[in-house]
Amino acid sequence: MIGWREFPLLVALTLVALVLKLLPVPLPVDMLRPHWLLLVLTAWTLRRETYLVLPMAMAAGLVLDATRGVTLGLHCVALLVPLALLLHWRSLLRAIPLWQSSLAAAALFAVYASLLSLLDTMTGEHSALSAHWWPILVSVPLWPIFVLLLRPRPVAQQTP
């Protein structure tokens, strides 16, 4: 479990990911915009043992839904399912090499895109079907970088 001293870092990183997700960009660039929230939250979950990620994902998903004007809860569900899967398989993913866990991350991003597409269809939202799938091409190569940057630093031993 993370200490409360690391909680502000999680909040700050989530806010930065939200801002990067909500920044207006041209449509061709928007199609290739990484899944910033999922990148940050999955990398944090893999490297730092915490269950604060799930409430953070829920809050971020609600903010994303409210600012995008889509059905409330759509992004919450899409974020919570891959994170719950990651929490379940966390010990296995930490034991395998980073390139193999990147393949697992690709599967998590595919689950996220599948859920967004399915929920868009069920709720009648008008987003392009491929709009959720293209960002996977950018998110997967960025994922190992996020995992390496978010790993905990070793605590220096003080000698008496």
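Look up a bit, the structure's there.
All chains use their own residue numbering, which begins from 1 and follows the written sequence. Where totals are concerned, whole chains, interfaces and linings use all residues; where local detail is concerned, this predicted model gives features only for residues with pLDDT of at least 70, and gives and counts side-chain atom pairs only at 80 or more. Working from all heavy atoms in the structure, the side-chain values ignore hydrogens and water.

Trainee: Would you mind showing me how to read the overall build of the protein chain here?
Mentor: When its secondary structure is counted, the protein chain shows seven helices and zero strands. The helix and strand labels rest on DSSP assignments: H or I over at least four residues marks a helix, E over at least two residues marks a strand, and numbering proceeds from the N terminus. Traced from its N-terminal end to its C-terminal end, the protein chain shows the element sequence α-α-α-α-α-α-α. The C-alpha atoms of the protein chain give 16 Å as radius of gyration, which agrees with the globular expectation for 160 residues (15 Å, within 12%). Here the C-alpha coordinates of the protein chain stretch approximately 65 × 30 × 30 Å along the principal axes. The 160 residues of the protein chain split such that 40% are buried. Counted as positive: Lys and Arg. Counted as negative: Asp and Glu, with His and the chain ends omitted from the count. Just so you know, the charge point we use is NZ for Lys, CZ for Arg, CG for Asp and CD for Glu. For the protein chain, the separation between the mean place of its 10 positive charges and that of its 6 negative charges on side chains is 14 Å. Note that the radius of gyration is over C-alpha atoms, with the globule rule given as 2.2 Å times the number of residues to the power 0.38. The cut-offs for exposure are 20% and 50% of the maximum accessible area for each residue type, with area from a 1.4 Å probe on protein chains only; residues under the lower value are buried, those over the upper are exposed, and the others partly exposed.

Trainee: Please explain the environment of Ser101 as it appears in this structure.
Mentor: Mapped onto the fold, Ser101 is located in helix H6 (residues 98–123). Along the sequence, Ser101 and Leu37 sit 64 residues apart, while their C-alpha atoms lie 18 Å from each other. Contacts are assigned to residue pairs with any non-hydrogen atoms lying within 4.5 Å of each other. Here Ser101 is in contact with Leu93, Ile96 and Trp143, once residues within four sequence places are set aside.

Trainee: Sorry if this is basic, but what is going on with the pattern of salt bridges here?
Mentor: Opposite charge on two side chains lets them pair, provided their charged atoms get close. Salt bridges are defined by distance alone: a side-chain nitrogen of Lys or Arg within 4 Å of a carboxyl oxygen of Asp or Glu. Scanning the model with the defined rule gives one salt bridge in all. Here Asp30 makes a salt bridge to Arg33, at a shortest N to O gap of 2.9 Å. On the accessibility criterion, Arg33 (8% relative accessible area) is buried.

Trainee: What am I meant to see in a nonpolar patch on the surface here?
Mentor: Together, Val16, Val19, Leu20, Leu23, Val25 and Val29 make up an exposed nonpolar region whose accessible area comes to about 460 Å². Note that Val16 resides in helix H1 (residues 7–22). The exposure class of Val16 is partly exposed, given its relative accessible area of 48%. Only residues whose relative accessible area exceeds 30% and that take part in no salt bridge are eligible for patches, with like-charged residues grouped when within 9 Å of each other and nonpolar side chains (Val, Leu, Ile, Met, Phe, Trp, Tyr) grouped when within 5 Å. Here the accessible surface of atoms and residues is derived via Shrake-Rupley with a 1.4 Å probe, and residues count as covered only by protein chains that are part of the display.

Trainee: Can you help me understand the nonpolar core in this one?
Mentor: The tendency in soluble globular proteins is for nonpolar side chains to be buried side by side. In terms of nonpolar packing, the biggest core is built from 37 residues, with Leu37, Leu41, Phe109 and Trp143 touching the most fellow members. Secondary structure elements with two or more residues in this core: H1, helix H3 (36–47), helix H4 (53–68), helix H5 (74–95), H6 and helix H7 (135–149). Counting residues per element, this core draws most heavily on H3, which supplies nine residues. In this view, Phe109 contacts His35, Leu38, Leu39, Ile136, Ser139, Val140 and Trp143; residues no more than four positions away in its chain are not counted. What we call a nonpolar core is a set of buried Ala, Val, Leu, Ile, Met, Phe, Trp, Tyr and Cys residues that are connected through their side-chain atoms within 4.5 Å.

Trainee: Help me understand the packing of H6 against H7, please; the structure alone is not making it clear to me.
Mentor: When two helices pack together, their arrangement is captured by the angle between the axes and the distance separating the axes. Inter-axis angles, ranging from 0 to 180 degrees, are taken between N-to-C directions of lines fitted to C-alpha atoms, where helices are fitted over the stretch in contact. The contact between H6 and H7 brings their axes to 9 Å, and the two run at 130°. Regarding the angle of H6 to H7, the classification is oblique. Once H6 is placed against H7, the crossing between them reads as right-handed. Residues Leu98, Ser101, Ser102, Ala105, Ala106, Phe109, Ala110 and Ala113 of H6 pack against Ile136, Ser139, Val140, Trp143, Pro144, Val147 and Leu148 of H7. For classification purposes, angles smaller than 35 degrees are called roughly parallel, those larger than 145 roughly antiparallel, those between 65 and 115 roughly perpendicular, and all remaining angles oblique. Less than a right angle of anticlockwise turn of the near helix away from the far helix marks a crossing as left-handed, whereas a clockwise turn marks it as right-handed.

Trainee: In this structure, what is going on with the side chain of Ser139? I would like to understand it.
Mentor: Along the polypeptide, Ser139 turns up in helix H7. Taking relative accessible area as the criterion, Ser139 reaches 0% and is therefore assigned buried. Ignoring any residue separated from it by four or fewer positions in sequence, one finds Ser139 in contact with Pro34, His35, Leu39 and Phe109.

Trainee: Any chance you could explain H7 here in plain terms?
Mentor: Every α-helical turn comprises 3.6 residues, leaving residues that sit three or four positions apart pointing alike. An expected span of 1.5 Å times one less than the residue number is assigned to each helix. If you check H7, its first and last C-alpha atoms are 21 Å apart, about what 15 residues at 1.5 Å a residue would give, namely 21 Å. The largest bend along H7 measures about 35° and falls at Leu142, with the proline Pro144 one to four residues further on. Taken residue by residue, H7 has Pro135, Ile136, Ser139, Val140, Trp143, Pro144, Phe146 and Val147 as its buried positions. For H7, the elements touching its buried residues are helix H2 (27–31), H3 and H6. Axes are fitted to the seven residues ending at a residue and to the seven starting at it; the angle between these axes is taken as the bend at that residue.

Purely geometric numbers; function is a separate question.
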